[in-house]
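Coordinates in review
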Amino acid sequence: MTRTDPADVPRPGAQLHFGVFFQGVNHWTIWSDPSSGSQIDPASFLRVARTAERGLFDAFFLGDGLRLRESEGGIHELDVAGRPDSITQLSALAAATERIGLVSTSNTTFNEPGDLARRLAGLDLLSGGRAGWNVVTTHNAWTGENFRRGGFLDHADRYRRAEEFLSVARAVWNSWAEGAVAGSVDARSWSVPEAVGRVRSTGAHFDVDLVPTLPRSAQGHPVIFQAGDSGEGRDFAARQADVVFSAHGTDFDDALAFAEDIRRRLRAAGRAEDALRILPGTEIVIGATEKEAEEKARWVRLGQVTPAVALGIASRLWGFDLSGRDADGPLPAEEPVVAAYDGRFGTRQLGETLDTVAEWRAKAEANGWSLRETVIELGPQRGHVGTPAGLAERFARFVRHGALDGFNISPYLVPDGLDDIVELLVPELQERGVYRSAYTGTTLREHLGLAPVV
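Overview of the structure. Everything numeric here is computed off the predicted structure, so don't read it as measured data.

1. Some remarks on the pattern of salt bridges
Scanning the entire structure with this criterion turns up 26 salt bridges. Measuring nitrogen to oxygen at the nearest pair gives 2.8 Å for the salt bridge that ties Asp229 to Arg234. Classification of Asp229 by relative accessible area gives partly exposed; the value is 38%. A salt bridge links Arg234 to Asp261; the shortest N-O distance between them is 2.8 Å. Taken together, the residues Arg234 in helix α6 (residues 231-240) and Asp261 in helix α7 (residues 252-268) connect sequence positions 27 residues apart.

In structure tokens, the structure reads:
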């Protein structure tokens, strides 16, 4: 049942924002299909970024892997490895693009604020004010093994460290006053006296004393992105972020409930309701007809959920290794092992384990599904499927009723997975007046319609 009145459109002039997420890891990108290109060749990064810019996307997002992912103590062989450092790669793309934002997913658990703030400021300057930072924390033990302190922080401590980290980073970015560099060769020094401030900060996680070395960029400082669906994560986003990612972008009512919750938290944090952009992650499958789109989506799911992937997902649910089982056979007869999460799998288990297993067994028996078919039907789901016109109508409703501000799109093929979206969907959105027809600004902050940094 819809929660909106079609005649009551609260945001009639709202515009949809698109970002593209170059994943390079996990099973959503079908790296094994013959039509897929290299996941690690710099040419693939450039091809995706330029296609997104041609489609007037707000931003290109790149994750950063500090260690190869693991599962049950071994390398997770289903992931693609070999990605460059994200800030290094985005700096290269800054020279090869003109307008699109460049967002690095960089970790607060295993970086230091003075160093990371300087590197992000460098990207912001090199790109003319197009940088963003997706602030993430790390929950797994195996990444910590790459670092001297080892281990991983408790959930609440990760956010406390992230908040302190971000406070120091902002102090670094704000340390240079406007006009700090002397404007005349007759000046006594290269900078205006007292225009470059020292950053001193002592807290629970950091003891910092430094003089920042870079001026502010054209947009002031990088745009802050954050993803986290827990209460702590949502509160952190409401207090600190410019953009929040979410998993609430497929069902309209679910997306609207998430947006309303975020707006309540923004008010509680003393911020305006429009101070934050909501960009759920999504996958978009397009067909000339609804039937063709559904058939294509089935092909995509079969490519994503290979037998090995199906066994890996089921292993995380059941709590023990199922890699030797037959993915085309039945679900495991054993009961799941429900234990405290210890970081071994590197990803969270799927919901309330016992209830989920009971649901899977009941539906598999009723439909005659194998283990792999069950994972395809009931495992992690995301995305939108339809014709260009149908998707455009759906997305217009989402954005104009305040359920979201846009999508962060993960292509299921690299590097050509955006082509249908740019060539078929974007024109339909433009025809409905819900998507820009040209970039009107030069910075990422301007693309997103965010208030200037003060």
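2. Regarding the environment of Leu93
In this structure, Leu93 sits in helix α2 (residues 86-96). Each C-alpha atom of the pair Leu93 and Ala49 lies 7.6 Å from the other, and the pair is 44 residues apart in sequence.

3. Notes on the environment of Leu322
The residue Leu322 is located in the loop between α9 (307-318) and α10 (353-367) in this model. We classify Leu322 as buried; its relative accessible area is 1%. For Leu322, the residues in contact, after removing those within four places along its chain, are Leu311, Ala314, Ser315 and Pro332.

4. Examining the sheet that holds strand β14 (residues 406-409)
With parallel pairing, 8 strands are arranged side by side around a closed barrel as β1-β2-β5-β6-β9-β10-β11-β14. Between one strand axis and the next, the sheet turns by 25° as a mean value, whatever way the strands run. Looking at chain direction, strand β9 (residues 223-227) and strand β10 (residues 243-246) are connected through 3 bridges and run parallel. Bridge pairing in β10 places Phe225 opposite Val243.

5. Some points on the packing of α2 against helix α3 (residues 113-126)
At a closest axis distance of 9 Å, the pairing of α2 and α3 adopts a crossing angle of 15°. Relative to α3, α2 is oriented roughly parallel. When the axes of α2 and α3 are compared, the crossing they make is left-handed. Side by side, α2 and α3 meet where Ile87, Leu90, Ser91 and Ala94 of the first sit next to Leu116, Arg119, Leu120, Leu123 and Leu126 of the second.

6. Regarding the nonpolar core
As a rule of thumb, soluble globular proteins bury nonpolar side chains together. Core analysis: the biggest nonpolar cluster contains 75 residues, and Phe18, Phe57, Phe60, Trp133 and Leu425 have the highest contact counts within it. A per-element tally of this core places helix α5 (residues 155-173) first, with 8 residues. Val305, Val309, Leu317 and Val375 belong to the second-largest nonpolar core, a separate cluster that totals 17 residues.

7. Description of helix α1 (residues 42-54)
For the α-helix, the turn length of 3.6 residues means that residues three or four positions removed from each other point alike. With 13 residues, α1 extends 18 Å between its outermost C-alpha atoms, agreeing within 8% with the 18 Å of an ideal straight helix rising 1.5 Å per residue. Of all the positions in α1, only Ser44, Phe45, Val48, Ala49, Thr51, Ala52 and Glu53 are classed as buried. Turning to α1, the residues buried within the fold contact β1 (17-22), β2 (59-62), α2 and α13 (419-431). You can read the cap of α1 off the contacts: a side-chain oxygen lies 2.9 Å from the backbone nitrogen of Ala43, and it is on Asp41.

8. Considering the pairing of strand β8 (residues 207-210)
Inspection of the sheet shows strand β7 (residues 199-202) paired to β8 by 4 bridges, in the antiparallel sense. Bridge pairing in β8 links Ser201 to Val208. In this antiparallel pair of consecutive strands, β7 and β8, the connection spans 4 residues.

Cut-off values and rules
- Residues numbered from 1 in each chain as written.
- Predicted model: local features only at pLDDT ≥ 70, side-chain atom pairs only at ≥ 80, totals over all residues.
- Heavy atoms only, no water.
- Salt bridge = Lys/Arg side-chain N within 4 Å of Asp/Glu carboxyl O.
- Buried < 20%, exposed > 50% of the residue type's maximum accessible area, 1.4 Å probe, protein only.
- Helix = DSSP H or I, 4+ residues; strand = E, 2+ residues; numbered from the N terminus.
- Contact = heavy atoms within 4.5 Å.
- Pairing = 2+ DSSP bridges.
- Axes fitted to C-alpha atoms, helices over the stretch in contact; angles between N-to-C directions.
- Parallel < 35°, antiparallel > 145°, perpendicular 65-115°, else oblique.
- Left-handed = near helix turned anticlockwise from the far one by under 90°.
- Core = buried A, V, L, I, M, F, W, Y, C linked by side-chain atoms within 4.5 Å.
- Expected span 1.5 Å × (residues − 1).
- Polar contact = N/O pair within 3.5 Å; in protein donor to acceptor, adjacent residues only side chain to side chain.

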